[in-house]
Amino acid sequence: MAKVENIDNLKANMADYDKIIDRIKEILKGNTQRYTVVINENNKIIKNEDTFWALKLLGAKLILVSDKEEEVNISIEFLGYYDEISDPGIRVYNNTLELVNKDKPTPIVKLNNIIENNDINIWAKLEWYNPFSQSIKDRTAWYIIENSKEEIKNKEFIYEVTSANTGIALAAISSILNKKSKIFIPKGAPEYALKVLEILGSIAVVEGETTNDLIKKVIDEAVKDNAFVPNQFKNIFNVLVHIRYTSKEIEYQARYGKIKIKGIFASMGTGGHIAGISFYFHNRDNNIKVFGVQPKENSPIPGIKRQNFDDWWLTKEKPDLILDVSKNDAISALKKVAKHNGIIPGLSSGAVLAGIIKAYNEGLIEKGDYICILPDNGLKYLNEIIKSSQ
Ligand code: PLP
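Residues numbered from 1 in each chain as written. Predicted model: local features only at pLDDT ≥ 70, side-chain atom pairs only at ≥ 80, totals over all residues. Heavy atoms only, no water.

1. Describing the site of the ligand
Around the ligand, 16 residues are found, and the nearest of them are K137, G269, T270, H273 and S348. Interatomic distance of 2.6 Å between a side-chain N/O atom of K137 and an oxygen atom of the ligand. The contact in question runs from an oxygen atom of the ligand to an N or O atom on the side chain of N165, over 3.0 Å. Its free accessible area being 390 Å², the ligand has 98% of it covered by the protein chains. (Near = heavy atom within 4 Å. Polar contact = N/O pair within 3.5 Å; in protein donor to acceptor, adjacent residues only side chain to side chain. Areas by Shrake-Rupley, 256 points an atom, 1.4 Å probe, with all protein chains shown as cover.)

Here is the structure:
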């Protein structure tokens, strides 16, 4: 007989990610757990392990189990699918790490006077409401560490290559976990980042022109020093976190805010958040288009880079359309937001906003609601923003 069990009470061997991703896809499309997970008397899973992992990585609290496989077709909402992102309540937490996974969702706010068409609504998801790097990258850093506990247990050091935000988030989390961190940053990274890393007790190594230049060096040093490397460029948890949290939050917030999403605009660095969002929404609702924004050639914008989609993520889904914007476009767009809405988005956020302005000017979007993911805010880049107006 099928019964409801708390998902954390079950034991399972780790299954293959290709299979888990297929199962996540099936669950997102069908919105249900189809078959029970079969367990023995010790709560150990003996059949349908992929379903267990898929539901766990999607954030379900409950799961249907039985001693023989049964078809159940139970709604994931009944399994507590939205619980962890739907009620931050009175927001009292036991430690600062809980700010990353429990103080959710991050806000979504409508921005006014960005384009001259009142039939197009721009809804900004403000990712600077994350505690450590004050950026979307806290989610990545936390989820990789959270899911690598066994690997990290006996390691003293965490090493990572980053343009700034992931490094700050990892430095903060390392301090909380009593680990030492070494963060490798390419030259030209924002000035504030080195100071913040120092305050957090991390070691910053500034070298190379791009993050790509540093990846091999970090891996070599980590092997020598027995350090853990989260490797956000390849680690699937950098995508899974945006399926379980960022995307699910957007879906839930849209439902309660009566926002009928036509499209989502996002920038790309590792591609982690846009890969998660593309995977989630293409499987939930095929009509939602994902627009990826990247810097124009020879117009670098901190935190993001031009993508070649050859070596994409295991989740496969990609943005539907790519838009190129310059750093000047990004700065004009963020200033427009500041003038009319009183908040100062960061440079990659400005790029995302420049992306929707461009899509509108080129007739690529029609009336309706659009979500823009704003990764961090402009206070980190004040010098660059001010310099551009001189
Ligand atoms: N914007 C900023 C400010 C970032 O720091 C990053 C990544 O480091 C991104 C955008 C891109 O995010 P992702 O790595 O998920 O593509």
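2. Section: the packing of helix α5 (residues 137-146) against helix α10 (residues 237-256)
Relative to each other, α5 and α10 sit at 125 degrees, their axes nearing to 9 Å. One element, α5, and the other, α10, form an angle in the oblique class. Crossing hand, α5 versus α10: right-handed. Facing K137, R139, T140, W142, Y143 and I144 of α5, the residues of α10 in contact are F237, N238, L240, V241, H242, R244, Y245, T246 and E249. Residues of the contact of α5 with α10, tallied by class, amount to seven nonpolar, four polar and four charged. (Axes fitted to C-alpha atoms, helices over the stretch in contact; angles between N-to-C directions. Helix = DSSP H or I, 4+ residues; strand = E, 2+ residues; numbered from the N terminus. Parallel < 35°, antiparallel > 145°, perpendicular 65-115°, else oblique. Left-handed = near helix turned anticlockwise from the far one by under 90°. Contact = heavy atoms within 4.5 Å. Nonpolar A, V, L, I, M, F, W, Y, C, P; charged D, E, K, R; others polar.)

3. Side note on the side chain of Q307
In this structure, Q307 sits in the loop between β13 (289-295) and β14 (321-325). Setting aside chain neighbours within four positions, we find Q307 in contact with M268, G269, G271, Q294 and W312.

4. Regarding the pattern of salt bridges
In total, this model carries 30 salt bridges according to the counting rule given. E71 is the salt-bridge partner of R34, the closest N and O atoms lying 3.6 Å from each other. With R34 in strand β2 (residues 32-35) and E71 in strand β6 (residues 71-75), this pair connects stretches of sequence that are 37 residues apart. Here R34 falls in the partly exposed class, since its relative accessible area comes to 38%. Between E150 and K153 there is a salt bridge, with its nearest N and O atoms 3.0 Å apart. Neither residue differs from the other here; E150 and K153 are each classed as exposed. Within the structure, one salt-bridge network assembled from shared partners comprises K125, E127, R139 and E249. (Salt bridge = Lys/Arg side-chain N within 4 Å of Asp/Glu carboxyl O. Buried < 20%, exposed > 50% of the residue type's maximum accessible area, 1.4 Å probe, protein only.)

5. Some points on the nonpolar core
For soluble globular proteins, nonpolar side chains are generally found buried alongside one another. The biggest cluster of nonpolar side chains holds 115 residues, and the ones touching the most others in it are I24, I261, F265 and I371. A total of nine residues in this core trace back to one element, the largest contributor, which is α10. With near-sequence residues (within four places) excluded, F265 lies in contact with F291, V293, L323, V352, G355, I356, A359, I365, Y370, I371, C372 and I373. (Core = buried A, V, L, I, M, F, W, Y, C linked by side-chain atoms within 4.5 Å.)

6. Quick notes on the pairing of strand β12 (residues 261-267)
By the criterion of burial, β12 is predominantly enclosed, with six of the seven residues buried. Pairing analysis gives four bridges linking β12 to strand β15 (residues 368-374), with the strands arranged parallel. Opposite G263, over in β15, you have Y370 as the bridge partner. In this sheet, β13 lies alongside β12 in parallel orientation, the contact comprising five bridges. Bridging from a neighbouring strand, G263 pairs with K289 of β13. Following the chain from β12 across helix α11 (residues 272-284) to the adjacent parallel β13, one finds a crossover that is right-handed. (Pairing = 2+ DSSP bridges. Right-handed = clockwise from strand over helix to strand, strands pointing away.)

7. So, helix α2 (residues 49-57)
Each α-helix winds once per 3.6 residues, and so residues spaced three or four apart point in a common direction. Counting buried residues in α2 gives eight out of nine residues, a clear majority hidden from the surface. Along α2, the residues that are buried comprise E49, D50, T51, F52, W53, A54, L55 and L57. The positive-phi residue at the C-terminal boundary of α2 is G59, with phi of around 90 degrees.

8. Quick notes on the sheet that holds strand β9 (residues 157-161)
Here three strands make up an open sheet; going across it, the order is β9-β10-β11 and the pairing parallel. Because the sheet does not close on itself, it has two edges, and the strands there are β9 and β11 (203-206). The sheet shows a mean angle of 15 degrees between the axes of neighbouring strands, taken without regard to direction. Across four bridges, strand β10 (residues 180-185) lies against β11 in parallel orientation. Each bridged residue has a counterpart across the sheet, and for F184 the counterpart in β11 is V205.

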